[in-house]
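Results of the structural survey
For reference, the chains in residue letters:
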Amino acid sequence: MTEPIISATGLGRDFVIRTGRGLRRRRSITRAVADLDFTIEAGAAVGYIGANGAGKSTTIKMLTGILVPTAGRVHTCGLDPHRHRRELARRIGVVFGQRSQLWWDLPLAESYRALAAIHRLGPDTLRTRRGTLVERLDLGEFLETPVRQLSLGQRIRGEIAAALLHSPELLILDEPTIGLDVLSKERLRQFLLEERAAGDTTLLLTTHDMDDVQRLTDRIIVVDHGRMAYDGTLPGLVERVGADRVIVVDLEETTAPLADVAGTRLLGVEADGLRQRLAFTPGSTTAAAVLAHVSARAEVRDLTIEEPDIEDVVRRLYASGT
Amino acid sequence: MSALAVYAGLGWRRWSAYRTAAAAGAFTNTVFGLIKAAITMGAIGAAGGMLAGYDALTGATYAWLAQALIGPVNVFTWSELAERIRSGDIAIDLARPIDPQAGYLAADLGRAAFQLVPRAAPPLVVGALVTGLALPAELLPYLLGLVSVTLAVVVSFACRWLVNLAAFWLLDLRGVMTLYLVASNLLCGLVVPVHWFPPWLATVAAWTPFPAMLQHPIDIIMGRAAGPEALVLLGEQVAWAIGLLVVGRAVFEIGARKVVVQGG
C-alpha cells in the first residue's frame, strides 16, 4: 500500500473580511473551505467540482502551499505544502486557467528553457521531453512566437506543456478548458488521456465542463459552500440526484403537446408542436420506450438526446440538501 | 546553466525585444542631455568658471554620464512586481522552485546589461561631439566604474523592489511611486551633482542610498574618486546593496505571509 499522493483531514480555511473604517470597522469571518476529508491515490484522475465560490481554488492553493489552512491538515506528495513549497513545486505541475506561468514578451521556447533551468533538467532530458510535448500538443508552429501573440487555445496548450515539462507526479489543472472552442477542448482532452495512459501522472482537475469530467476523470468530488457534497463516480452522482436526460423530437407535422408519455415530463413545445422536448430519468424509462411512444403519435423526423449537464447535476445535488 | 543565469538571459531578451523603445529612450536621454549640459555649463560659468571642483568641461561630462546611466541603472520607477502582487500573479512566483528576489534581481541585471550600450552610447557620442567629454585616459577607472555601475543597478533594484512591495498593503501605489521618483531623482545626483548640494541637503542625501545609484559610479568613472576614495565609494555601494536586499527579503516574507497565511 503506497501513501496517497494527496491526503486532507478536516481541511478548512477561513478568511477574515474587514469592512468599514475607523470605529465602524467590522471583522467578519468567511468560511471558504470547511472539514474536507479526502485522499487521492497515485495514478488517479479526479474531478473537483463546485459552483463559483464553492472553495475549489482555495483548496488548490492549500494543496500547492500558497495558502495555509486555518484548520486540519493536508499532505501533498507526502509533504506539508506550505513548509516545503519549493520542494513540492519540483514534484507537481499546476495550471491556473486564469494565470500564466509563461514569459509574456518572449517566445514560448524561451519559457521552456527557463523552466528547464528552474527544474534543473539536463539538456538531453529537456530535448526529449520538450520534443514529446511539442509533438503531442502540436506546439511546433508557434514555438518561436511571443506568448502575448498566441491565441487562447495555443497559450493554454503552452501552459500545459510548461506544467508537464519536469514530468511531475501530480498535475493540477484549475479550469484548463475555460474559454476554449469545442475543437481545442477536444484536442486537449485527447492529449490528457494519452498523457495519463503513457505514465502514472495523477490528475486533479477543476472544471465546469461536463465533458471534461466524463472523459478525463474516474472519480469526482463535489464541494458546496466549502463542504464536501459528494465523493464518488459520475454515474453514481447522476443516479443519486436522478438527473434527467432530455429527448428532443422533431416531428413531420404539427402535433398536440405530448404531455402524457409514460415516465417523461414535457419541457417545451416549439413551432406548434413541430419540436417537443421531453425529460426522463434514466431507470424509470428508456430513450427507446419514449421514442416508440412518440412514434405511435406522429412521424419522427429527427431526434437528439441531451445529457444532464454538470451544473444541473450539481444544482440538484445542492438542492437535495445533502 | 544555473537558473539565475537563465533569468539574467531572459531579462536581456525581454528588453532586447523592444528595440524601438530602447531607441526612443536613448533619443530622449540625449535631448535632455543637451539641455542639462547647457544648464550645467551656464551655472558653472555664472559661478566664475569653477563650481565644487567642476569646470565647464567636467560639468558637461557629468551631465552626459548621468544621462547615459539613467537607462541601465533605471533611476525611474518600475511596477512589474506591484502589478503581479495586485493581480495575484505573485502566486505563480511563489509556486516556483526559485527564490523570487534572486530571480527578479538576475532578470534586472540582464536588463541592465542589454541597456548598457544602446542607452548609454548615444548620449555619450553626442556629448563628445557637442561639448567634448573629460574622461580619464587610463583603464582602471572604467573597470572600477563597471563594478560600480553593476552595484548601482543592484542598489536601484533593491530600492524598487521595496517600493513595489508596498502593493501588499496598499491598493494604489501612485503616491509612493511619485514620492520615490522625486526623492531618488533629486538625491541621486540626476538634476545636479550631489557635490553642489548645500550642506544640509548633502547630509540628507548621504543618509539615503540614492547617491550610490548615480553619483558614486560617475565619480569613479570620471576619476574624481580614485584609489582609496574609489574603494570607499564601492564599499558604500556594497553596504547599501546588501542592506537593502536583506530588508527587501524580510519585507517580502512578511508580505507573502500576509497572502499565504491571511489570504490576501
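Located above this text is the structure these notes cover.
Here we summarise the structure given alongside this text. Since the model is a prediction, treat every value here as computed from it, not as a measurement.

With that settled, the discussion passes to the interface of chain B and chain A. When the parts of a complex come together, some accessible area is lost, and that lost area is often taken as the interface size. Between chain B and chain A, the residue contacts involve 27 residues of the former and 27 residues of the latter. Three residues, Arg96(B), Pro97(B) and Val260(B), lead the burial of chain B against chain A; their summed loss comes to 26% of the area buried on that side. Our enumeration of links across chain B and chain A arrives at four salt bridges. Residue Glu110(A) pairs with Arg13(B) through a salt bridge whose shortest N-O separation is 2.7 Å.

Right, let's get into a nonpolar patch on the surface. Residue and element names in this part refer to chain B. On the surface, Phe27, Val31, Phe32, Leu34, Ile35, Ile39, Val125, Leu129 and Val130 cluster together to form a nonpolar patch covering roughly 900 Å² of accessible area. At the level of secondary structure, the elements contributing two or more residues to the nonpolar patch comprise helix H2 (19-46) and helix H6 (100-130). With six residues, the single largest contributor to the nonpolar patch is H2.

All names here are of chain B. The end-to-end C-alpha separation of helix H3 (residues 56-73) is 25 Å, in line with the 26 Å expected for 18 residues at 1.5 Å each. Counting buried positions over the 18 residues of H3 gives 16, a clear majority of the element. Between the side-chain oxygen at the start of H3 and the backbone nitrogen of leucine 57 there is a gap of 3.2 Å, and the oxygen is on aspartate 55. Taken from the residues just after H3, asparagine 74 is the one with a positive phi, measuring 55 degrees.

Once the charged atoms of two side chains with opposite charge are near each other, the side chains can pair. Residue and element names in this part refer to chain A. A complete count under the given rule lists 28 salt bridges over all chains for this structure. Measuring nitrogen to oxygen at the nearest pair gives 3.3 Å for the salt bridge that ties glutamate 195 to arginine 129. Taken together, the residues span a long stretch of sequence, with glutamate 195 in helix H6 (residues 182-198) and arginine 129 in helix H4 (residues 123-137) at a distance of 66 residues. The burial state of glutamate 195 is the same as that of arginine 129; both residues are buried.

All names here are of chain B. The geometry of helix H7 (residues 140-165) relative to helix H8 (residues 174-187) is characterised by a closest axis approach of 10 Å and an angle of 155 degrees between their N-to-C directions. As far as their axial angle goes, H8 and H7 are roughly antiparallel. Crossing hand, H7 versus H8: right-handed. Taken together, the residues of H8 that come into contact with H7 (itself represented by Ser156, Cys159, Arg160, Val163 and Asn164) are Val176, Met177 and Tyr180. Here the contact of H7 with H8 is composed, by residue class, of five nonpolar, two polar and one charged.

This part covers the environment of Ser28(A). Residue and element names in this part refer to chain A. By secondary structure assignment, the location of serine 28 is in strand S2 (residues 26-40). For serine 28, a relative accessible area of 35% translates into the label partly exposed. Separated by 14 residues in sequence, serine 28 and aspartate 14 have C-alpha atoms that sit 9.9 Å apart. Excluding anything up to four places from it in sequence, serine 28 contacts Phe15, Val16 and Ile17.

This part takes up helix H4 (residues 80-87) of chain B. Residue pairs spaced three or four apart in an α-helix point in one direction, given the helix's 3.6 residues per turn. All names here are of chain B. The set of residues buried in H4 consists of Leu81, Ala82, Arg84 and Ile85. Buried residues of H4, seen end-on, are gathered within an arc of 160 degrees and therefore sit on one face of the element. Lining the buried residues of H4 we find helix H5 (90-94), H6 and H7. At the exit of H4 stands glycine 88, carrying a positive phi of roughly 90 degrees.

Rules behind the numbers
- Each residue is numbered by its place in its chain's sequence as written, counting from 1.
- Labels are handed out in written order, letters beginning with A for the chains and numbers beginning with 1 for the ligands.
- Only residues with pLDDT of at least 70 are given local features in this predicted model, and only at 80 or more are side-chain atom pairs given and counted; all residues enter the totals for whole chains, interfaces and linings.
- Only hydrogens and water are removed before side-chain values are computed, so all heavy atoms of the structure are retained for them.
- Working rule for contacts: check all heavy atoms of both residues, and any pair within 4.5 Å makes them a contact.
- By buried area we mean how much accessible surface two parts lose on assembly, using a 1.4 Å probe and totalling the loss over both.
- We define a salt bridge as a side-chain nitrogen of Lys or Arg found within 4 Å of a carboxyl oxygen belonging to Asp or Glu.
- Here a patch means residues that are over 30% exposed by relative accessible area and free of salt bridges, tied together within 9 Å if like-charged and within 5 Å if nonpolar (Val, Leu, Ile, Met, Phe, Trp, Tyr).
- Only the protein chains shown count as cover for residues, with accessible areas throughout obtained via the Shrake-Rupley method and a probe of 1.4 Å.
- Strands are runs of DSSP state E lasting at least two residues, helices are runs of H or I lasting at least four, and both sets are numbered from the N terminus onward.
- Each residue after the first adds 1.5 Å to the expected span of a helix.
- Categorising residues by exposure relies on relative accessible area from a 1.4 Å probe, with only protein chains included: less than 20% of the type maximum marks a residue as buried, more than 50% marks it as exposed, and the intermediate range marks it as partly exposed.
- Residues adjacent in sequence count toward polar contacts only when both atoms are side-chain atoms; beyond that, a polar contact is any pair of N or O atoms within 3.5 Å, and within protein one must be able to donate a hydrogen and the other to accept it.
- Lines fitted to the C-alpha atoms define the axes, with helices restricted to the stretch that makes contact. Angles between their N-to-C directions range from 0 to 180 degrees.
- Small angles under 35 degrees read as roughly parallel and large ones over 145 as roughly antiparallel, with 65 to 115 read as roughly perpendicular and the rest as oblique.
- What makes a crossing left-handed is the near helix being turned counterclockwise from the far one by less than a right angle; a clockwise turn instead makes it right-handed.
- Polarity classes work like this: nonpolar for Ala, Val, Leu, Ile, Met, Phe, Trp, Tyr, Cys and Pro, charged for Asp, Glu, Lys and Arg, and polar for all others, with Gly in that last group.
- Comment: arc refers to directions from the helix axis out to C-beta atoms.

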